[in-house]
Amino acid sequence: MMHDPAAEKKQKNWYRCSMAVLLAAALLLSGCTGGGSVLSGPVRETDSKGRDGSALKIVTTIFPQYDFVRQIAGERVSLQMLLKPGEETHSYEPTPRDIIAIQNADLFIYVGGENDAWVEDILDAPEMKQVRRLRLVDCTALLKEEHVEGMRHKGQLCPGTEEEEEENDEHVWTSPKNAMEITKRIAEELSALDPEGREGYKANLDAYLEELAALDRQFREITQKAAARGQDLLLFGDRFPFRYLAQEYGLQYYAAFPGCAADTEPSAAMMAFLIRKAREEQIPVILKMELSSEQIARAVAEASGAEVRVLYSCHNLTAEQFEAGEGYLSMMRKNAETLQAALGQ
Ligand SMILES: [Zn+2]
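**Student:** Residues and numbers for the pairing of strand β3 (residues 107-110), please.
**Tutor:** Along any regular strand, the residues point their side chains to alternate faces of the sheet. Residues Leu107 and Ile109 of β3 are buried on one face, and the alternating residues Phe108 and Tyr110, pointing to the opposite face, are buried as well. Across 3 bridges, strand β1 (residues 57-60) lies against β3 in parallel orientation. Its bridge partner being in β3, Thr60 is matched across the sheet by Ile109. Note that β3 and strand β4 (residues 133-135) share 3 bridges and pair parallel. Opposite Tyr110, over in β4, you have Arg135 as the bridge partner. Taken together, β3, helix α4 (residues 117-123) and β4 constitute a β-α-β crossover, and its handedness is right-handed.

So, in structure tokens, the structure goes:
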């Protein structure tokens, strides 16, 4: 399959058109809303005050920033995540209700980048002017999306390391160091909107930063020990949204597809490459991310005698994980254990 700019343009036009229809539908509907998301936090009388006099409304697209706000603000704000538990981020489409939630938000936090083109389109509308917004990609230094040898991208096998022109990798939160920068920015935003809550936000932020620092030390210890034994290679039978994690801790990787790739059809050449690498490098664990197909990772693992494990990118959690009270920290601690196994410890 060849990369076809004409087809891509047509698809983009269609997409912009359907966004406009969706936005119009949402604006027609606004005023007759009711019933918040299951994730809306409980609101108390003494809470913060938003534009409309009720508690501050914070709306997020996906899980990392939802959890960061939850850690810093607790129940002081009304918090809603647009993605439902268990929903896959890359195939998410906003509903009119989601658009109204964004419109009514005192602060809307999204990731920014290629996968959030729909957000930028919605925020361009004049009705959205008053919505205060924060993008995760503006909180940290950015890396370009990388194409390592053997990856399949836009229907073709990538020949080797190259960085796609002007395409930033948006998965900034996958490094605990970046999570620290993001949570600091979120605390600043909350304090600006709700000066009376400033001290509480600061105390919660400081406690959370300590936990993130401990997580960072744990990752560093594991990866430094592995590097001393010459082990720094991960193999992903999936998309690879962990560029920032890999960069922070000096990890190398092979993967089936880049970060937010829309095309995740396996090809024979890609499968052969991953299986050969898994055997040559005696990779003990083939990794995949959550909420995605296990097909490629399973096939590579079976052919090379490895096991399959999940490294959580935290784009989203399952409903069970939500109910169990899991968060970014607890999922990342599971990742530390998984990394240890994947690096042969
Ligand atoms: Zn992604």
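After that view, the rundown keeps rolling.
**Student:** I'd like a description of the packing of helix α2 (residues 63-73) against helix α5 (residues 176-193), backed by residues and values.
**Tutor:** It is at 10 Å that the axes of α2 and α5 come closest, and there the two elements cross at 60°. With respect to α5, the axis of α2 lies oblique. For α2 against α5, the interelement crossing comes out right-handed. Two secondary-structure elements touch here, α2 through Gln65, Phe68, Val69, Ile72 and Ala73 and α5 through Ile182, Thr183, Ile186, Ala187 and Leu190.

**Student:** Please provide a residue-by-residue account of the sheet that holds strand β2 (residues 78-81), values included.
**Tutor:** The sheet built from 4 strands is open, its strands ordered β2-β1-β3-β4 with parallel pairing. The two strands at the open ends of the sheet, each matched to only one other strand, are β2 and β4. Going from strand to strand, the sheet's axes swing by 15° on average, the running direction of each strand aside.

**Student:** Could you give an account of the sheet that holds strand β10 (residues 252-257), with specific residues and numbers?
**Tutor:** Whenever strands of a sheet pair, they do so through backbone hydrogen bonds, lying parallel or antiparallel. Spatial strand order, β10-β9-β11-β12: 4 strands in an open sheet with parallel pairing. The open sheet has two free edges, formed respectively by β10 and β12 (307-310), since each of these has just one partner strand. Strand-to-strand twist in this sheet, taken as the mean axis angle between neighbours without regard to direction, amounts to 30°. Bridge analysis of strand β9 (residues 233-239) against β10 gives 5 bridges, and the strand direction is parallel. For Phe236, the partnering residue across the bridge sits in β10 and is Ala255.

**Student:** Pulling in residues and values, what's your account of helix α6 (residues 198-228)?
**Tutor:** Over its 31 residues, α6 runs 44 Å from end to end, which matches the ideal 45 Å to within 8%, given 1.5 Å per residue. Along α6, the residues that are buried comprise Tyr201, Asn204, Leu205, Tyr208, Leu212, Leu215, Phe219, Thr223 and Ala226. Each element contacted by the buried residues of α6 is listed here: α2, α5 and α11 (328-342). Just downstream of α6, Gly230 is the residue with a positive phi angle, here 80°.

**Student:** Mind laying out unusual backbone geometry, listing which residues take part and the relevant values?
**Tutor:** We note that Gln282 has phi near 45°; this positive angle belongs to a residue other than glycine. Note on placement: Gln282 falls in the loop between α8 (268-280) and β11 (285-288). Assessed through the 12 C-beta atoms surrounding it within 10 Å, Gln282 is described here as exposed. One non-glycine residue with positive phi stands out, namely Cys314, at about 70°. Tracing the sequence through the fold places Cys314 in the loop between β12 and α10 (319-323).

**Student:** Lay out the environment of Arg279 in plain terms, naming residues and giving numbers.
**Tutor:** Considering the arrangement of structural elements, one finds Arg279 in helix α8. Assessed through the 14 C-beta atoms surrounding it within 10 Å, Arg279 is described here as partly exposed.

**Student:** Outline the packing of α5 against α6, supporting the account with residue identities and numerical values.
**Tutor:** Relative orientation of the contacting elements α5 and α6 amounts to 175°, with a least axis distance of 9 Å. Relative to α6, the element α5 lies roughly antiparallel. For the pair formed by α5 and α6, the contact residues are Pro176, Lys177, Ala179, Met180, Thr183, Lys184, Ala187, Leu190 and Ser191 on the first element and Arg198, Tyr201, Lys202, Leu205, Tyr208, Leu209, Leu212, Leu215, Asp216 and Phe219 on the second.

Quick notes on the rules
- Residues numbered from 1 in each chain as written.
- Predicted model: local features only at pLDDT ≥ 70, side-chain atom pairs only at ≥ 80, totals over all residues.
- Buried ≥ 20, exposed ≤ 12 C-beta atoms within 10 Å, placed from the backbone.
- Helix = DSSP H or I, 4+ residues; strand = E, 2+ residues; numbered from the N terminus.
- Pairing = 2+ DSSP bridges.
- Right-handed = clockwise from strand over helix to strand, strands pointing away.
- Axes fitted to C-alpha atoms, helices over the stretch in contact; angles between N-to-C directions.
- Parallel < 35°, antiparallel > 145°, perpendicular 65-115°, else oblique.
- Left-handed = near helix turned anticlockwise from the far one by under 90°.
- Contact = placed C-beta atoms within 7 Å.
- Expected span 1.5 Å × (residues − 1).

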